[in-house]
Every structure is written in structure tokens, then in C-alpha cells.
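Each chain is listed here by its residues.
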2 protein chains.
Amino acid sequence: MQKTGQPTINDVARIAGVSKKTVSRVINRSPLLNDDTRKRVEDVIGELGYIPNPQARALALRRNFLIGLVHDNPNAQTVLNVQQGMLEALQGTEFEMVVRPLDRGSATMLDDLRHFLERQRLFGVLLMPPVSENDSVAKLCDSIGCRYVRMGSAVIDDSEHMVASNDREAVRTATEYLIEQGHRRIGLVAGPHGFRSARERRLGFEDALAAAGIALPRSMIADGNYTFESGLVAAERLLDVMPRPTAIFSSNDEMAAGIIHAARQRGLDIPRDLSIIGFDDTPIAAHVWPPLTTVRWPIASMARSAALKLIAGADDGSDLVEEPSLFLSTLIRRASVSPPADADT
Amino acid sequence: MQKTGQPTINDVARIAGVSKKTVSRVINRSPLLNDDTRKRVEDVIGELGYIPNPQARALALRRNFLIGLVHDNPNAQTVLNVQQGMLEALQGTEFEMVVRPLDRGSATMLDDLRHFLERQRLFGVLLMPPVSENDSVAKLCDSIGCRYVRMGSAVIDDSEHMVASNDREAVRTATEYLIEQGHRRIGLVAGPHGFRSARERRLGFEDALAAAGIALPRSMIADGNYTFESGLVAAERLLDVMPRPTAIFSSNDEMAAGIIHAARQRGLDIPRDLSIIGFDDTPIAAHVWPPLTTVRWPIASMARSAALKLIAGADDGSDLVEEPSLFLSTLIRRASVSPPADADT
DNA sequence: CATAATCTTGACACCGGTTACCGATTAAGA
DNA sequence: TCTTAATCGGTAACCGGTGTCAAGATTATG
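Residues numbered from 1 in each chain as written. Chains lettered and ligands numbered in written order. Predicted model: local features only at pLDDT ≥ 70, side-chain atom pairs only at ≥ 80, totals over all residues. Heavy atoms only, no water.

The name recorded for chain A in an unreviewed UniProt entry is LacI family transcriptional regulator, from Sphingomonas aurantiaca.

This is the structure:
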């Protein structure tokens, strides 16, 4: 009788002349096992092309091998970078990634997430900003008994549950660079309220100006929501102020692209009339003209690290190389910054 | 003794005073079941918050509830749109999406994919372009016994395995629009070789010109690879030709954005000096200045339909509403097209 | 050489659901 | 009343792996 489908552990055991338990030992690399037996079983496995059934394994081990990526981030490139970094970490393991976009602002968001976690009984979840900044989401994971790691722009949880970048410091450095170049009238296009990243970046901006003794009038701050349009609108406002700012720090690249457009529509030359620094270093930063000086946000590395943190201890703690929890962003100097044309300090 | 963990089917059966078989019947919506009993069991399920263990179900039913999204598309927005559409279709079902990016051009791509499919024993996979255009990938799925649905820009498989847009016709319509506006010297920035979409779009462009009796000199065609930079480079070439084209069709939006930049660097006004049409209608199309006239590619709807096609027949064929296989793209008229300034026909 | 300690290995129950088979109970129809 | 059908339970086997525990083989020790 022709066996259909994949070979099972029983087939391997029968052909190798051992018990299924022994085959199981081979699969799980049990150390208490004769080398000859192991070799023989491995040969049969290779010959048959046997692959253990993940569902059966999951059932017997009482845990599955699914890791969730929970996100409500509007930036496609960012989400994909995170997926990329996460999958890198999962590469070679038996874990798979399942993706769960959340509808930010939806009243049922928390219930949706609970339902998702309970149904699938995930091994763990990786929380992307901005949903990762929501403490009740973390509490929910805890109460369900689902491991989680949060990604964010500031440390808001212990190192076991958090992978963060240091946006405040990075923006401070970037702003200091503008000051070093001679800028004194520097505008800020801030991110949306409720985003921790927006807050941290704004704080870093204020830090730098305060340290340099530069006043920051309210008129030099415009709100945005991380979209191209909002950057454009915010720039209209800032560029209406007289005297005009000679430089603008934008809380992300997308808005910086909007600022560039607004400036160009007014006939301003970048960087001669207006210097701009963005944040993220998404592809758009290199595409705009002139190429955007920006802060590189290592989101893919963060995701990779977060995923490793999540699955650490899943195996026998063999590779318990403590994953870093804090990532430093670096300033990428391109062509959108120069000293101000009118040195009027 | 305090029971830890989730309630099992046995708990439900005991409390409801029925057998686990009956509970199973309720879960699987067996028709031969008294309404009273069903109600009682459902109440207990709700009370306990019982959720069937997906792994155990998958094991017993000999199939799992994972659907793969296989992609090697470089456009983040496109990939995310597909994920969005796919998850919409999976909403409310017991299926989950696992994502598998493939390294295009990698020699081991096919082996990677095989390994993935065999390990996870997916219920099915959704193939995104351009990998979906690879027949050996489809053959691989077949040989492994994994259902698949391909997405693409032309019908290259039977309707059971294919969801396609009609790019050729859409581009023909778009090009005809340029001709109607009075353009006669129309350039094409083509997509990369090996992309079916690139070929279809080029054919549609040629169709329109041939039908209008307009010659298409080789100098009016420039190759690109769907990136911003390649669009910029291609535009440099086309705009060097004398007499200059008065309009350019770009095979995607990203390249169209590059073309806009190139034109602006030369001091050309869009659309007065140069009309441009793109393809995809990604967010970038609305962000550039002027807003880009483009062809809307309903990729999210296609993904949704593809996913539904994939899981159709998973249930008892109850909802066998034949999913559409062909999607029509529509022309979105914005501000990047006008009649040519120099009517020299 | 006897005995203990160690290494290998297999029998068996179990994870949490499923189906198959058969029997029991109840209700409806003849 | 008897037949028939619908509804449900009991038991058992099964999906394809895992843990426990003890037996048999091997080696070290007295």
C-alpha cells in the first residue's frame, strides 16, 4: 500500500530499527545517545526526507512556535524593516512570524488583541511603536501569559521586555550639529501627540537649544503627524514667520520631504536658504533632492534583537548572549545642511 | 486542585454535562444536533472562555491553518497593501498569515521556499509578483501538495490559481488619454526585464501608439528598474532627445517621482512642459508635486480575493462564491497631465 | 568474579482535539 | 403498538510527536 503524504516518525523508527522515542532523541539532539545509533537514524531521516510535524510537536510540548508582530505603525517602510529584522532573528529556528496590524484608535483594539493572543496561543509577541507604548497592552500580554518585547524610542520597561533607541540623545546631537553650523533660528516640526518618539525627539531638540542658550519661541514649533502632507503644512507655518528660520529639524523623514517641497514652492534653495534634518533614514531620505541629512534609526536591528530576546531561553538557555536593549542612532550627513547664508548672529 | 492554563474540551463537556463528542459537534457546527443542547454547550463555552487548541485541531484534522505570503517585491507599500488585503480576507476565519520574504536572484531561492513549505506544511500560499511569475515556483507548490494562488499583471494560470490585473489594457487607456490631450512625442520609462508587469505595461503603451499611428523610435524608450533613481536616470536620457518628448509614461509611480525631479532640475514645468503618468497609485503619487496622474492598481483587493480563493472549499464549500480573477485598473486623473504647450502636430 | 554505576534504549501514557462504530434514548409516523 | 428516524453518549483508536520510568547492556569498581 502506497503511503501518501509525508513520512512520519514511525516510518523512520521502523526503517532504522529503533523506537520512535529514539528518533525523537535524535531530532532534539539529546546528548545521551549512542553515536552509531544517531548516525543510523540520521541517515534514514535524510533518505526519507523526514521533517517533524510542527503541529504535533507544538501539541506535545504544550507551546507553539509562532511569534506575533503587533503593529499599528502607519509607515510601510518601517513595518517592513521590522519584519525583515525579525525574520533574520527567526532564521534557522523553528519559529515563524505572524503579523497582526491593529487599528489604532479603535475602541475594540484591546479586545481584538486579546482575542488574537488567546486563539493562537502565541509563544510571544513583538510590539512595535506606537502600540508598544501602551501599558495596558503590555499588561494584557502579562495577564494572558504571553511573552512580549516592546520596541520604542525610550526605555519604558525592564530590559527583559524592552528594546529601545535613544532618540532624545540622537536628536540632541543632530540639533547641536545645526548649531555648530551657525544656525540660531531653528524650527521644529514635531510628531503627533501620543507618540513617545515624538516626545523624545522634541525633548532632545529642546535640550540642545537650552544647552546652547538659544531661545525657543512657540512660533518655531509646528505640529505634524509624521505624514508628508503634515510636514508640508507645518513648513508653511514656520516659513511664514519673520525672520524665517534658517534650519528646521523634522521629527521624521516623511515630513522632511514635505518641508522640502514647501520650501521649494517658495523658491527657497536647500540648503543655502534652509537647512533640514530628518529622522529615520528611510529610503525617501536618499531620494529627495537634495539628499537629506537625517538620523539613522536602527529599527531593523532593534527588531532583530527584540526577536532574539523573545526566543532566548526557549532552547536550553544555551545561547544566552544577553541581547542589547539600547540602540544608538547616528547622524547621517548628506546635503540638506549647510551654514546659514545670512550669518546674523 | 487549581486547574492552570486554558480550559479544555473535557472541562466544557463535564460542566455542560455532555460528552466531548457533542462539544466537538458544536464547535464544528454539525447539523445533526438538538438546538437546546447546542445552546447549553455554547453557554458553557462562553462562560469558561473556552477556545479550542489550534495545534490539537490542526493535528487531528491533518491540516493547519497557516497561509503563507511569499514575496520578493521591493516596494514596501505594495507588500503592506497585500498583507492588508490578505488579512481582511482571513478576518473571522481561523487562518493566520505567515510572511516569507524571498531573496530575489538568490540561487537557493527555490530551495529556501521548498524548505519553508515542507517544514510548515502550510495550508496554502499566496504568491506576490514578481516571484509569482516564476513557473517553477508554482510547480514546486504543486509537487509538494501546497495550494497556491498567484497574483500578477496578466493571466498566466487558470482561474483557480490566478488573480490578475489587466495592466496592458489599463496602460493602453492611459496612453490614449495622453494622445487625446494632443501629445505625439511620448516617452516610455519601462520596468525591469523579467517582470511580467513591466512587459505588459510596455505592450499596452505600444498598443496605444500603434493604434494611433504614432511612431515609437527607440530613443523614446528608456529602461528603469522601478526605483526612484532609475526613473531619474531614465528621464535624463529621454529629456536629452531633441525634440523633447512632451509626455512620459512611467511604468510605476516611484520612477515617475524620479522623472519629476529630473524635469524640475532642468527647469521644466510640469505639466506645461512635460506631462507624466505613473502606475500603481501608491501614496507617493499624491505626495509629489504636482500630484501625479496615475493608474490605480487594486493590489489590496486582489490580495483579498486571492486569499478568499485560497481558503474557498476549506469549509464545506458553503460559501463558494466564485472569487473574481481579473481586476481592472483605473486611471486616476490628477495634475501631472495637460495638453502640450507647443502644439506642433 | 560479583556488584554497582552508567549509558542506551524502548514501552507506555499523554498532549487536546478528531473520527468511527455502535448502542441507547427519545420523538414522530404508520 | 411497532417502526423509523433523529439525537446523543461511550469507548476506542488516531493524529505525530513528547515525557516518565524502568529494563537491558556496558563499563567501572571492590
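K.L.:
I'm lost on the environment of Gln6(A) in this one. Help?
P.N.:
By secondary structure assignment, the location of Gln6(A) is in the segment before α1 (9-16). On the accessibility criterion, Gln6(A) (29% relative accessible area) is partly exposed. In the structure, Gln6(A) is positioned 44 residues away from Tyr50(A) in sequence and 7.1 Å away in space, judged by C-alpha atoms. Leaving out residues up to four positions away in the same chain, Gln6(A) has contacts with Glu118(B) and Arg121(B). (Helix = DSSP H or I, 4+ residues; strand = E, 2+ residues; numbered from the N terminus. Buried < 20%, exposed > 50% of the residue type's maximum accessible area, 1.4 Å probe, protein only. Contact = heavy atoms within 4.5 Å.)

K.L.:
Help me understand the domain arrangement of chain A, please; the structure alone is not making it clear to me.
P.N.:
Interface size is commonly expressed as the accessible surface area that is lost when the partners come together. All names here are of chain A. With domains assigned, chain A is organised as domain 1 (61-166 + 302-329) and domain 2 (167-298). Every contact between the two is made by 16 residues of domain 1 and, on the other side, 18 residues of domain 2. Regarding the contact of domain 1 and domain 2, the summed buried area is about 1400 Å², with carbon and sulfur atoms giving 57% of it. Contact with domain 2 buries surface across domain 1, with Ser153, Asn166 and Ser329 losing the most and accounting together for 35% of the total. Linking domain 1 to domain 2 there are zero salt bridges. Where domain 1 meets domain 2, there are eight residue pairs in polar contact (both at pLDDT 80 or more). (Domains from an automatic or database assignment. Buried area = accessible area lost by both parts, 1.4 Å probe. Salt bridge = Lys/Arg side-chain N within 4 Å of Asp/Glu carboxyl O. Polar contact = N/O pair within 3.5 Å; in protein donor to acceptor, adjacent residues only side chain to side chain.)

K.L.:
Can you help me understand the sheet that holds strand β12 (residues 330-332) of chain A in this one?
P.N.:
Two strands in a sheet stick together by hydrogen bonds in their backbones, pointing the same way (parallel) or opposite ways (antiparallel). Residues and elements named next belong to chain A. The sheet built from six strands is open, its strands ordered β7-β6-β8-β9-β10-β12 with mixed pairing. Bordering the open sheet on either side are β7 (221-223) and β12, each of which pairs with just one other strand. Between one strand and the next, the sheet's axes are offset by a mean angle of 20°, whatever the strand orientation. The pairing of strand β6 (residues 186-190) with β7 spans three bridges and is classified as parallel. In the strand pairing of β7, Leu188 is matched with Ile221. (Pairing = 2+ DSSP bridges. Axes fitted to C-alpha atoms, helices over the stretch in contact; angles between N-to-C directions.)

K.L.:
Before we go on, may I ask you to explain the protein's contact with DNA strand C in this structure?
P.N.:
Among the 27 residues in the neighbourhood of DNA strand C, the closest are listed as Thr22(A), Arg25(A), Thr37(A), Ile9(B) and Ser24(B). The share of sugar and phosphate among atoms of DNA strand C within 4 Å of the protein is 64%. Contact distances for DNA strand C include 2.8 Å between a phosphate oxygen and a backbone N or O atom of Ile9(B). Here Asn28(B) contributes a side-chain N or O atom positioned 2.9 Å from a phosphate oxygen of DNA strand C. (Near = heavy atom within 4 Å.)

K.L.:
Sorry, what's going on with the packing of aromatic side chains here?
P.N.:
Aromatic ring pairs are described here by two measures, namely the spacing of the ring centres and the angle between the planes. Residue and element names in this part refer to chain A. This structure, assessed with the given rule, holds eight aromatic pairs over all chains. Pairing Phe205 with Phe249 gives two aromatic rings, centres 6.3 Å apart and planes at 20°, and the pair type is stacked. With a gap of 44 residues between them, Phe205 in helix α9 (residues 196-211) and Phe249 in strand β8 (residues 247-250) connect regions that are remote in the sequence. Phe249 shares its class with Phe205; the two are buried. Grouped by ring-pair contacts, the aromatic residues Phe65, Phe95 and Phe123 constitute a single cluster. Directly above the ring of Trp297 sits Arg201, whose terminal nitrogen or CZ lies 5.3 Å from the centroid. (Phe/Tyr/Trp six-rings, centres within 6.5 Å; stacked < 30°, edge-to-face > 60°. Lys NZ or Arg CZ within 6 Å of the ring centre and 35° of its normal.)

K.L.:
Would you take a moment to explain the nonpolar core for this structure?
P.N.:
The tendency in soluble globular proteins is for nonpolar side chains to be buried side by side. Grouped together as the largest cluster of nonpolar side chains are 98 residues, with contacts concentrated most on Met151(A) and Met151(B). Those residues in contact with Met151(A) that sit more than four places away from it in its chain are Val82(A), Leu126(A), Leu127(A), Met128(A), Pro129(A), Ser132(A), Met162(A), Val163(A), Ile299(A), Met302(A), Ala303(A) and Ala306(A). One finds Ala138(A), Cys141(A), Leu102(B) and Cys141(B) within the second-largest nonpolar core, a separate group that totals 36 residues. (Core = buried A, V, L, I, M, F, W, Y, C linked by side-chain atoms within 4.5 Å.)

K.L.:
Is there a simple way to explain the relation of the copies chain B and chain A in this structure?
P.N.:
Here the two chain copies are tied together by a rotation about an axis and a shift along that axis. Between chain B and chain A, the superposition needs a rotation of 180° and an axial shift of 0.0 Å, giving an RMSD of 0.2 Å. A rotation of that kind, with that shift, is consistent with a two-fold axis. Most of the interface of chain B is mirrored in chain A, where 100% of its interface residues are also at the interface. (Least-squares fit on C-alpha atoms with pLDDT ≥ 70 in both.)

K.L.:
Explain the interface of chain B and chain A here, please?
P.N.:
On the chain A side, the residues contacting the 39 residues of chain B number 39 residues. Counting the surface lost from both chain B and chain A, the interface buries some 3900 Å², and carbon and sulfur atoms represent 57% of this. Contact with chain A buries area across many residues of chain B, yet Gln55(B), Arg121(B) and His287(B) alone supply 17% of it, more than any other trio. Across the contact surface, chain B and chain A share two salt bridges.

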